[in-house]
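# Summary of structural features
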Amino acid sequence: MFRPSMLTTQTCLAPYFTMCRPSILTLNLSPSSQIPAKYPLAKGVDEPSNFNCPTVQASRQKKQKQKHENGIVLCYSWGLIAISMAALRRCMRWGSLAAASLAAVSVAPSSFSNRLLSEHVSNSDRLSSSWISLSMGMPLDNSISGLATVGEGLLRSYRAVYTFTVNTCDYKYSLRHYEEKTEDYYKALSEVHIRAAKRILKLCETNRGFYTKAGQFVASMQQMPKEVTSTLAILQDKAQPWPFTAIEKVFLEEFEKSPLEMYAEFDAQPIAAASLAQVHHAVLKNGQDVAVKVQYPGLQQQFLIDIITMKILSKAIAWVFPEYQFEWIVPEFEKNLSKELDFLQEASNAEKTGRNFSKKEVVKVPEIHWELCTKRVLTMQFMYGWKVDDVQSLVKAGIDPKKVAEVLAEVFAAMIFCHGFVHGDPHPGNILVSGSGNKFASNRSDFAIVLLDHGLYRELDEQFRSEFCHLWKALILLDPVKLREAGERLGAGRYYRYLPVIFTGRSLSSKSGLGQGMSPEEKMYLKDELRNFSVGDISQFMEGLPRDFLTILRTDGLLRSIIAKLGAESRVRLLIYAKYAVLGAALRHDDAPDRPAQNWKVALKASLEYGQLRIRLETLEIAHKLESCYRALVNWLRAFGSGIQGLFSLGLSIVYGC
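So, here is what we can say about the structure in this document. Remember, it's a predicted structure, so these values are computed and weren't measured experimentally.

### Describing the overall build of the protein
- Broken down by element type, the protein carries 22 helices and 13 strands.
- Counting every position in the protein, which comprises 658 residues, the buried fraction comes to 49%.
- In the protein, the proportion of contacts linking residues at least 24 apart, taken out of those at least 6 apart, comes to 69%.
- Here the protein displays about 33,000 Å² of accessible surface, and carbon together with sulfur accounts for 57% of that area.

### Examining the sheet that holds strand 9 (residues 386-387)
- With mixed pairing, the four strands of this open sheet are ordered in space as 7-12-11-9. Unpaired on one side and paired on the other, strand 7 (363-364) and strand 9 mark the two borders of the sheet.
- Alignment of strand 7 against strand 12 (residues 447-451), held across two bridges, turns out to be parallel. Note that in strand 12 the partner of Lys364 across the bridge is Val450.

### Structural notes on helix 11 (residues 329-340)
- Here helix 11 contains twelve residues, and its C-alpha end-to-end distance of 17 Å stays within 8% of the 16 Å for a straight helix at 1.5 Å per residue.
- Residues Ile329, Val330, Glu332, Phe333, Asn336, Leu337 and Glu340 constitute the buried set of helix 11. Buried residues of helix 11, viewed axially, fall in a sector of 160 degrees; they line one side.
- Where helix 11 is buried, its residues meet helix 6 (210-219), helix 10 (299-320), helix 12 (343-356), strand 13 (457-459) and helix 20 (547-565).

### Things to note about the packing of helix 14 (residues 401-419) against helix 20
- Contact geometry for helix 14 and helix 20: axes closest at 10 Å, N-to-C directions at 170 degrees. The orientation of helix 14 with respect to helix 20, classified from their angle, is roughly antiparallel. Across the interface between the two elements, Ala405, Leu408, Ala409, Phe412 and Ile416 from helix 14 touch Ile552, Thr555, Leu559, Ile562 and Ile563 from helix 20.
- A per-class count over the contact of helix 14 with helix 20 returns nine nonpolar, one polar and no charged.

### Points about the pattern of salt bridges
- Applying the stated rule across the entire model yields 19 salt bridges.
- Arg458 is the salt-bridge partner of Asp548, the closest N and O atoms lying 2.7 Å from each other. Taken as a pair, Asp548 in helix 20 and Arg458 in strand 13 lie far apart in primary sequence, 90 residues in all.
- Two residues, Glu467 and Arg489, come together in a salt bridge whose shortest N-O distance is 2.6 Å. Of this pair, Glu467 sits in helix 15 (residues 462-477) while Arg489 sits in helix 16 (residues 480-489); the two residues are 22 residues apart in sequence, bridging distant segments of the chain.
- A cluster of three or more residues bridged by salt bridges with shared partners is formed by Lys213, Glu340, Asp425 and Arg554.

### Focus: helix 16
- Listed as buried for helix 16 are Leu483, Ala486 and Gly487. One side of helix 16 holds all its buried residues, which, seen down the axis, span an arc of 100 degrees.
- Buried residues along helix 16 sit in contact with helix 15 and helix 17 (499-504).
- N-cap assignment for helix 16: the residue whose side-chain oxygen lies 3.2 Å from the backbone N of Val481 is Asp479.
- Residue Gly491 follows helix 16 closely and has a positive phi angle near 90 degrees.

### Notes on the environment of Lys226
- Following the sequence through the fold, Lys226 ends up in helix 7 (residues 226-232).
- According to the relative accessible area criterion, Lys226 is exposed, its value standing at 66%.
- Sequence-wise, Lys226 and His193 are 33 residues apart; in three dimensions their C-alpha atoms are separated by 8.8 Å.

### Quick notes on the packing of aromatic side chains
- Within this structure, the stated rule accounts for 24 aromatic pairs.
- Here the aromatic rings of Trp472 and Phe503 are separated by 5.4 Å at their centres, their planes lie at 80 degrees, and the arrangement is edge-to-face. Of the two residues, Trp472 sits in helix 15 while Phe503 sits in helix 17, which places them 31 residues apart along the sequence. An identical accessibility class is assigned to Trp472 and Phe503; each is buried.
- Chaining the aromatic ring pairs together yields one cluster made of Phe417, Phe464, Phe468, Trp472, Phe503, Phe549 and Tyr577.
- The positively charged end of Lys352 is found above the aromatic ring belonging to Phe421, 4.4 Å away from the centroid.
- It is Arg573 that lies over the ring of Tyr577; its NZ or CZ is 5.4 Å from the centre.

### Looking at empty space enclosed by the protein
- In the structure shown here, the tally under the stated rule is four cavities of 30 Å³ or more.
- There is about 210 Å³ of room inside the largest cavity.
- Along the walls of the largest cavity sit 17 residues, with Phe217, Asn336, Leu550, Thr551 and Arg554 positioned nearest its centre.
- Looking at the lining of the largest cavity, the elements that each hand over two or more residues are helix 11, strand 13 and helix 20.
- Among the residues forming the lining of the largest cavity, the class breakdown is seven nonpolar, seven polar and three charged.

### Examining the pairing of strand 11 (residues 431-435)
- Burial within strand 11 is extensive, with five of its five residues counted as buried.
- Of the two faces of strand 11, the one lined by Ile431, Val433 and Gly435 and the one lined by Leu432 and Ser434 are each fully buried.
- Pairing analysis gives two bridges linking strand 9 to strand 11, with the strands arranged antiparallel. The residue bridging Trp386 from the neighbouring strand is Val433, located in strand 11.
- Direction of pairing for strand 11 relative to strand 12: antiparallel, over a ladder of five bridges. Each residue of the ladder has a partner; that of Gly435, found in strand 12, is Phe447.

Definitions and limits used
- Residues numbered from 1 in each chain as written.
- Predicted model: local features only at pLDDT ≥ 70, side-chain atom pairs only at ≥ 80, totals over all residues.
- Heavy atoms only, no water.
- Helix = DSSP H or I, 4+ residues; strand = E, 2+ residues; numbered from the N terminus.
- Buried < 20%, exposed > 50% of the residue type's maximum accessible area, 1.4 Å probe, protein only.
- Contact = heavy atoms within 4.5 Å.
- Areas by Shrake-Rupley, 256 points an atom, 1.4 Å probe, with all protein chains shown as cover.
- Pairing = 2+ DSSP bridges.
- Expected span 1.5 Å × (residues − 1).
- Arc of directions from axis to C-beta.
- Axes fitted to C-alpha atoms, helices over the stretch in contact; angles between N-to-C directions.
- Parallel < 35°, antiparallel > 145°, perpendicular 65-115°, else oblique.
- Nonpolar A, V, L, I, M, F, W, Y, C, P; charged D, E, K, R; others polar.
- Salt bridge = Lys/Arg side-chain N within 4 Å of Asp/Glu carboxyl O.
- Polar contact = N/O pair within 3.5 Å; in protein donor to acceptor, adjacent residues only side chain to side chain.
- Phe/Tyr/Trp six-rings, centres within 6.5 Å; stacked < 30°, edge-to-face > 60°.
- Lys NZ or Arg CZ within 6 Å of the ring centre and 35° of its normal.
- 1 Å grid on protein atoms, 1.4 Å probe; cavity = no way out; pocket = protein on both sides within 12 Å on 5 of 7 lines; lining within 4 Å.
- Points joined across faces, edges and corners; volume = space filled by probe spheres on them.

Printed below as a string of structure tokens:
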């Protein structure tokens, strides 16, 4: 007879799925099955001599509970996705009529479907909770708590699959009568992009957490359709805070203390909320103001389910739309998220950034209070200031927004070209401007740049950093030979010709000055050329680029948006980048992982080379202007000659007519 107390290495939780109805999954447990290597129930029971110690037992029970809950979550998630994909295959075989019906359903609320799935999950929980409790050797209440998480994961996955299915049908049905690469096709495609983006936005707002983060990630990718990025951009500033009881639960799990016991004061109302965490103001017992960043509860389990769901859906997209090969995005997103979920890593990133800018008083990074930090709680110095894009407040404080844009460009140029340690999420909420009347501002300037949220950083490969510096010099001078060489070394291949458009807004053959964009004729030519591009070409281009390159693309896109709001010209950013690219090319970090400070020889060499670069750039621009003036003069003379000839002919006709 099997009892919970008889758990040995020969008994385990062995789930497998039996589908009673298409919408209900039941979990069968076999107490006599073998233990999987991934989820051992009694690993090392006989090894420690102090196994009967209450502390050791509690720790082991906690780990076992976590493993089993994760296993159940994974099983439920896989089952739901498998059923949903089978339904999708059947849906795609129905043809255009079913597709039209599902496309019409997209405008209707899905609350009924969500409620129906909730009832099914609830029934499944009641049927199987006692068996799970027995097999886990845990109290029934704990098992029900784990199944509640499973139910939430099912709902989140269901919403994602539902959105994917409706969007798929919308694309297939709405574009079926249009010939590709025609005006009508592009117009219809734009409308579908908008509808699909609105559904994805609704999904992100409903599921919150990692889906909001994924929406922000997509919104910052310049390579995505503008209809999608503009619609999802609203996720950068929208986040609903969690109640204080949930935050207190995290503290009890991490410190076994309430935040009210750990700090002299702790504001229950958050001062900021993001997709993964929220920030509270607190006061230490020594009277110092601090900001406390607390991760939302349950994110670790949600992370497993959501990532699996996203992986399945990315493969489904590649299956339904073979030209969309973006499966690499999900592993990259997963890697970034795993970093952001570790607040100790964020604290380490903050300290490293502070060291890199230790000699720049205009850059401030919060100090970390390590004794009050864990993987889910981060306590740091409280920083004062305005959001970097709050132009009205900056002007009212007597701070020149264009000067702020210039300093901001220098900070991130130093990260990219010199430090090789890049902030991966520089949206306006993560950058403050501290005024001169503030105790955190520099004595030598009327403001200071405050960098926040150091969870997502990218350590650039040293060879890539050096190659990117050379690429940027070629971009500034529009040198086709060096641009092709650098582009091929960085994985751009035959698409190297479009790198000047991406970074500088000019085509390779452009005659416009730096930062002046393209002429109307150049824009029309580029538009016609890009229309010959397929989604597969874009996918091939992005997949061939190093992941470091994609990080820089994202960071530079966010930075350009901020600089534009501050009213600075594009030329300012481009020249600053060129200056630091020259400096970065002269630096060598092969034997120094922490990026050593430049010496006077390197600085002098870089200054001379940058001076030569500016002279060449100005000479080229003067030559372009002279050429433009010459062409304008020739055209004017031709027009003038034509006018004189016309007047002469008119005079002759009048004379002979008389």
